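Chains, contacts and geometry: an overview
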Amino acid sequence: MISFKNVAKKFGPSIIALEDINLEIQEGEFVFLVGPSGAGKSTLLRLLSREYLPTSGKVLVAGEDLAKIKSSQIPLYRRKIGFVFQDFKLLEDRTVFENVALSLQVRGIIDHEIDKEVEKTLKLFEIWERRNLFPRQLSGGEAQRTAIARAVIGKPKVVLADEPTGDLDPQTAWSVIQLLGEINSWGTTVVMATHNKEIVDTQKRRVVSLKEGKIIKDNKEGKYEIH
Ligand code: ADP
């Protein structure tokens, strides 16, 4: 599903964000990316979202070399991926319903279908009651559930999450991870960068540890270890 082949990413002449990355992630896997700040986690996710191109090496998603996607085709590629961020990135002037519906509107789906699908998803994520509220009126957990609903409503093959529990209290963080686990159980590949040791250690998932731009550990049912 996801393949990094000898990937390096440099910024300018001296900053090496990633070096010699070889990583294979199978369809349907759930992978935690861990490592200290500056280890390269976000850069790795941004290579997958095609925000960045590698300086050398190749990044493939579903067999497609991301460097070969034409600029005009990037939005189309991004629709196959769901993104979840620490700061939610919801549109402040849109309601919960509208934020989630937007994901389907850009796909040209008819309004009636959109309404049905959004209702189903908001109910599933237990935010249907909040559908007419604006992001600033939501708790952190509700905002993150809205962001996850928006990320997954288009049934992406892959969900990329960058510190999605970062600013949340432990209980809310826990509900977010449950939700991502459920999405994964539908067959969606999930790659999540996190600092949350407790979550990583209890989930018994694959853990890829980065340090100074390199993979230093890749363990099935791994622990959060940074050295
Ligand atoms: P992490 O997500 O693990 O905290 P990052 O991927 O954000 O790490 O950063 C890895 C390294 O690359 C850091 O040294 C960071 O300062 C550098 N870096 C990341 N993005 C940029 C950028 N756009 N321009 C210059 N340096 C960057």
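Above: the structure in question.
About the thresholds
- Residues numbered from 1 in each chain as written.
- Predicted model: local features only at pLDDT ≥ 70, side-chain atom pairs only at ≥ 80, totals over all residues.
- Heavy atoms only, no water.
- Helix = DSSP H or I, 4+ residues; strand = E, 2+ residues; numbered from the N terminus.
- Rg over C-alpha atoms; globule rule 2.2 N^0.38 Å.
- Buried < 20%, exposed > 50% of the residue type's maximum accessible area, 1.4 Å probe, protein only.
- Contact = heavy atoms within 4.5 Å.
- Areas by Shrake-Rupley, 256 points an atom, 1.4 Å probe, with all protein chains shown as cover.
- Lys, Arg positive; Asp, Glu negative; His and termini not counted.
- Charge placed at Lys NZ, Arg CZ, Asp CG, Glu CD.
- Near = heavy atom within 4 Å.
- Polar contact = N/O pair within 3.5 Å; in protein donor to acceptor, adjacent residues only side chain to side chain.
- Nonpolar A, V, L, I, M, F, W, Y, C, P; charged D, E, K, R; others polar.
- Expected span 1.5 Å × (residues − 1).
- Pairing = 2+ DSSP bridges.
- Axes fitted to C-alpha atoms, helices over the stretch in contact; angles between N-to-C directions.
- Phe/Tyr/Trp six-rings, centres within 6.5 Å; stacked < 30°, edge-to-face > 60°.
- Lys NZ or Arg CZ within 6 Å of the ring centre and 35° of its normal.

1. Let's talk about the overall build of the protein
- A count of helical and extended segments in the protein gives 7 helices and 10 strands.
- Relative to a compact globule of 227 residues, whose C-alpha radius of gyration would be 17 Å, the protein shows 17 Å and is just as compact.
- Along the first, second and third principal axes, the C-alpha set of the protein runs to 50 × 40 × 30 Å.
- Counting across all 227 residues of the protein, residues that qualify as buried make up 48%.
- The long-range fraction of contacts in the protein, counting pairs at least 24 apart against all pairs at least 6 apart in sequence, stands at 68%.
- Looking at the protein as shown, the accessible area adds up to about 11,400 Å², and 49% of this sits on carbon and sulfur atoms.
- Seen as two clouds, the 34 positive and the 31 negative side-chain charges of the protein have centres 5 Å apart.

2. Concerning the site of the ligand
- Around the ligand sit Phe11, Ile15, Ala17, Pro36, Ser37, Gly38, Ala39, Gly40, Lys41, Ser42, Thr43 and Tyr52, and that is every residue in its neighbourhood.
- Serine 42 is positioned such that a nitrogen or oxygen atom in its backbone is 2.8 Å from an oxygen atom of the ligand.
- Alone, the ligand offers 560 Å² of accessible surface; in the complex the protein occludes 63% of this.
- Mapped onto the shell around the ligand, the elements with two or more residues apiece are strand 2 (15–25) and helix 1 (41–48).
- In terms of residue class, the shell around the ligand is built from 6 nonpolar, 5 polar and 1 charged.

3. With respect to helix 6 (residues 170–185)
- Along its 16 residues, helix 6 runs 22 Å from first to last C-alpha, staying within 8% of the 22 Å computed at 1.5 Å per residue.
- Inspection of helix 6 places Thr172, Ala173, Val176, Ile177, Leu179, Leu180, Gly181, Ile183 and Asn184 among the buried residues, and these make up the whole buried set.
- Contact partners of the buried residues in helix 6: strand 3 (30–34), helix 5 (140–152), strand 7 (158–162), strand 8 (189–193) and helix 7 (197–203).
- One or two residues past the end of helix 6 sits glycine 187, with phi positive at roughly 110°.

4. Looking at the environment of lysine 157
- Position of lysine 157 among the secondary structure elements: in the loop between helix 5 and strand 7.
- As a C-alpha pair, lysine 157 and lysine 80 span 77 residues in sequence and 6.1 Å in three-dimensional space.
- In contact with lysine 157, not counting residues within four places along its chain, are Met1, Glu27, Lys80, Thr188 and Thr189.

5. A few points about the sheet that holds strand 7
- If you trace the 6 strands from one edge of the open sheet to the other, you get 6-7-8-3-9-10, paired in mixed fashion. Each edge of the sheet is formed by a strand with only one pairing partner; in this case those strands are strand 6 (81–85) and strand 10 (214–219). When strand polarity is set aside, the average angle formed by the axes of neighbouring strands in this sheet is 15°.
- With 5 bridges joining them, strand 7 and strand 8 adopt parallel strand pairing. Bridge pairing in strand 8 places valine 159 opposite valine 190.
- On top of the sheet, helix 5 reaches strand 6 and strand 7; it is set at about 165° to strand 6, its chief contact.
- Against the sheet, helix 6 touches strand 3, strand 7 and strand 8, its axis set at about 135° to strand 3.

6. Comments concerning the packing of aromatic side chains
- With the rule as written, the count across this model stands at 4 aromatic pairs.
- Here the guanidinium or amino end of lysine 89 rests over the ring plane of phenylalanine 85, the centre of that ring lying 5.1 Å away.
- Stacked on the ring of tryptophan 128, the Lys or Arg arginine 131 has its end atom at 4.0 Å from the ring centre.

7. Digging into the environment of glycine 35
- Along the chain, glycine 35 turns up in the loop between strand 3 and helix 1.
- The buried category is assigned to glycine 35, whose relative accessible area is 0%.
- Between the alpha carbons of glycine 35 and lysine 211 there is a distance of 5.8 Å; along the sequence they are 176 residues apart.
- The contact partners of glycine 35, leaving out residues within four places of it in the chain, are Lys41, His195, Leu210 and Ile226.

8. Here's the deal with the environment of leucine 160
- By secondary structure assignment, the location of leucine 160 is in strand 7.
- With 70 residues separating them in the primary sequence, leucine 160 and leucine 90 have C-alpha atoms 16 Å apart.
- With residues near it in sequence (within four places) discarded, leucine 160 still touches Leu45, Leu48, Ser49, Ile81, Gly82, Phe83, Val84 and Val191.

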